[in-house]
Amino acid sequence: MIVEVGMRDGGRQGLSLGPRAIAPTPDRKGSQARDLHAAVAGLRGEVRCNASLRDLTSFRIGGPADVLCFPADVEDLGRLVGQAKAAKVPIFVLGGTNLLVRDRGIRGLVVSLTKLTAIRDEPDSVIYAEGGVGMPTLMKHAITRSLTGLEWAAGIPGTLGGSVVMNAGTRLGEMRQVLKAVRLVDLKGKVRDVPTSAIRFSYRRAKLPRGIVAGAWLQLRPGNREQIETVVKDYLHHRRDTQPLAQPSAGCVFKNPPNDAAGRVIEAAGMKGARVGDAQVSEKHANFVVNLGQAKAADVITLIKQVGRAVHEQTGITLELELKIVGQP
Ligand code: EPU
C-alpha cells in the first residue's frame with residue numbers, strides 16, 4: 001500500500017522528474033544527488049542508497065529505490081518531509097502490500113514506516129497506533145484487551161497507515177467503521193490530527209488531506225475475548241482455504257465489480273492458472289496473481305492486461321485495478 005506526497009499522478013507514473021530524469025546529463029545527476037542528500041540530512045533513522053525494494057513487498061518483485069529511508073519516529077518523519085519539500089524531492093511511502101513496484105524501481109526517495117510501531121491504549125476503548133504497525137499486530141493487541149470491532153481485518157497483512165489510506169476492508173467490515181481520527185504529517189512536515197469527519201470514504205479509498213498517515217485512533221468496543229478470537233480464527237481459516245496465502249502475491253488484483261466478484265468473473269473467463277513468465281493467476285483464487293519465483297513486474301502487468309481483456313470480451317465487465325502499480329515505466 002502506498003501514500004504519495006507531492007505528486008498528482010497517483011504514483012502510477014513513478015516520480016515525475018521530467019524527461020531528463022530518464023537520460024540525465026551528468027550535471028542533472030549531480031544536482032539530483034545533492035537534492036536527495038539535502039532531503040535526508042540529519043535523519044536519525046536508517047538511510048540506504050540504491051536499495052532493492054523487492055524484499056519489502058509482499059509480491060517479492062521490484063527494482064531499486066534511489067534512496068530508501070526508515071524514519072526513527074514521527075518527528076523524524078516530519079523532518080524528512082519538510083526537508084524533501086524544501087529540496088523539491090517527491091516522496092513515496094511504501095507499505096509493501098497491494099503494490100507492484102516496476103522492474104526499474106522508483107526514482108528519488110522512498111520511505112518505509114516500519115520503525116513507527118508504537119501502540120497506546122486510551123480511555124473509552126480507543127487505541128492509538130502508529131502508521132507502521134502491522135494489522136495482524138494491531139488485531140492481537142485488540143484481542144488481548146478484549147476489544148471488539150477489528151475482526152474484519154483478520155488476515156489483512158498490511159500496515160495501519162496503508163489500511164487507512166485505502167479504507168481496507170473485507171466482507172465483515174472496513175476501516176471507516178472504526179477510524180476515529182488520523183495523525184498526518186502534512187506536506188510541510190507538520191504533524192496534524194484530522195477527525196474522520198474531514199475524510200471522504202469510498203470503496204477501498206479514503207480521501208484525506210494530503211500527507212502521510214503517521215498514526216491513527218481506532219474506536220473499538222468492550223467485547224468478549226473468546227468470541228472475538230472465534231470470529232478471527234474462523235475468518236483466517238476461510239482465507240487460508242480460499243486464498244493462496246503461502247505464495248508471494250499482492251492480495252486481490254482487481255476491485256470487485258458491482259454485485260459480483262472479480263475472482264468469479266476471471267474464473268468464468270477461463271483465466272484461472274494463466275501464466276506469463278513466473279507470474280500466474282492463482283489456481284486457488286482467480287483474483288490473485290502469484291509470483292512462482294522469479295516473476296518480473298513486466299510479467300505481472302502483461303498478465304493482468306490479458307485477464308482484463310478476456311473478462312471484458314466475454315462478459316462486457318471492465319475490471320478496475322485494486323493493486324497499485326508504481327515506479328519508473
Ligand atoms: N470465486 C470464484 N473463483 C475464484 C475466486 C472466488 O468463483 O477463483 C467466487 C467465490 O466462490 C465467491 C465469490 O467469488 O462466491 C467471492 O469470493 P471470496 O469470498 O473469496 O471473496 P472476494 O470477494 O473474492 C473479498 C476481498 C478480499 C478479502 C476477502 C475475504 C475484494 C476485492 N476482495 O474477496 O480482499 O480477503 O473478501 O473474504 O474486496 C484484498 O483486498 O487484497 C483481498 C484479497
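Residues numbered from 1 in each chain as written. Predicted model: local features only at pLDDT ≥ 70, side-chain atom pairs only at ≥ 80, totals over all residues. Heavy atoms only, no water.

### Focus on the packing of helix H3 (residues 135–144) against helix H5 (residues 225–242)
Inference 1: The geometry of H3 relative to H5 is characterised by a closest axis approach of 9 Å and an angle of 150° between their N-to-C directions. Viewed along their axes, H3 and H5 adopt a mutual orientation that is roughly antiparallel. Contact residues: H3 offers Met139, Ile143 and Thr144, while H5 offers Arg225, Ile228, Glu229 and Val232.
Inference 2: Here the residues of the contact of H3 with H5 sort into 4 nonpolar, 1 polar and 2 charged. (Axes fitted to C-alpha atoms, helices over the stretch in contact; angles between N-to-C directions. Helix = DSSP H or I, 4+ residues; strand = E, 2+ residues; numbered from the N terminus. Parallel < 35°, antiparallel > 145°, perpendicular 65-115°, else oblique. Contact = heavy atoms within 4.5 Å. Nonpolar A, V, L, I, M, F, W, Y, C, P; charged D, E, K, R; others polar.)

### Observations regarding the pattern of salt bridges
Inference 1: One pass over the full model with this rule turns up 16 salt bridges.
Inference 2: One salt bridge connects Glu46 with Lys115, and the closest N-O pair in it is separated by 4.0 Å. Of this pair, Glu46 sits in strand E2 (residues 46–52) while Lys115 sits in the loop between strand E6 (106–112) and strand E7 (119–122), and the two are 69 residues apart along the sequence.
Inference 3: Look at Glu46 and you get partly exposed, because its relative accessible area is 31%.
Inference 4: A salt bridge links Glu267 to Lys272, with the shortest nitrogen-to-oxygen separation between them at 3.0 Å.
Inference 5: When its relative accessible area of 27% is taken as the criterion, Lys272 is described as partly exposed. (Salt bridge = Lys/Arg side-chain N within 4 Å of Asp/Glu carboxyl O. Buried < 20%, exposed > 50% of the residue type's maximum accessible area, 1.4 Å probe, protein only.)

### Quick word on the site of the ligand
Inference 1: Surveying the vicinity of the ligand reveals 20 residues, the closest of which are Cys252, Asn256, Glu267, Ala286 and Glu322.
Inference 2: Note that a nitrogen atom of the ligand is positioned 3.5 Å from one of the backbone N or O atoms of Gly263.
Inference 3: Interatomic distance of 2.8 Å between a backbone N/O atom of Ala286 and an oxygen atom of the ligand.
Inference 4: For the ligand, the protein covers 77% of the area, taking 820 Å² as the surface of the free molecule.
Inference 5: Contributing elements (two or more residues each) for the shell around the ligand: H5, strand E18 (249–252) and helix H6 (262–268). (Near = heavy atom within 4 Å. Polar contact = N/O pair within 3.5 Å; in protein donor to acceptor, adjacent residues only side chain to side chain. Areas by Shrake-Rupley, 256 points an atom, 1.4 Å probe, with all protein chains shown as cover.)

### Focus: a positive patch on the surface
Inference 1: A surface patch of positive charge is lined by Lys85, Lys88, Lys188 and Lys190.
Inference 2: Relative to the helices and strands, Lys88 resides in the loop between helix H2 (74–86) and strand E4 (91–94). (Patch = residues over 30% accessible without salt bridge, like charges linked within 9 Å, V, L, I, M, F, W, Y side chains within 5 Å. Lys, Arg positive; Asp, Glu negative; His and termini not counted. Charge placed at Lys NZ, Arg CZ, Asp CG, Glu CD.)

### Points about the environment of Asp121
Inference 1: If you trace the backbone, Asp121 turns up in strand E7.
Inference 2: Given a relative accessible area of 38%, Asp121 falls into the partly exposed group.
Inference 3: Those residues in contact with Asp121 that sit more than four places away from it in its chain are Val126, Ile127, His141 and Arg145.
Inference 4: At 2.9 Å, the side chain of Asp121 forms a polar contact with the side chain of Arg145.

### Topic: the confidence of the model for the protein
Inference 1: Within the protein, residue pLDDT values average 90, and 91% of them lie at 70 or more.
Inference 2: Low pLDDT, under 50, characterises residues 1–25; the stretch is placed with 73 contacts to residues that sit more than four places away or in other chains. (pLDDT = per-residue confidence, 0-100.)

### Considerations on the sheet that holds strand E21 (residues 288–291)
Inference 1: As summarised here, the arrangement of the 4 strands in space is E18-E21-E20-E19, forming an open sheet in which the pairing is antiparallel. The sheet is open, and its two edges are formed by E18 and strand E19 (275–276), each paired on a single side.
Inference 2: One ladder, built from 2 bridges, connects E18 with E21; its direction is antiparallel. Across the sheet, the residue bridging to Ser249 is Val290, located in E21.
Inference 3: In this fold helix H7 (residues 297–315) packs onto E19, strand E20 (279–281) and E21, with an angle of close to 25° to the strand it touches most, E20. (Pairing = 2+ DSSP bridges.)

### Quick notes on the environment of Gly211
Inference 1: By secondary structure assignment, the location of Gly211 is in strand E16 (residues 211–219).
Inference 2: Classification of Gly211 as buried rests on a relative accessible area of 9%.

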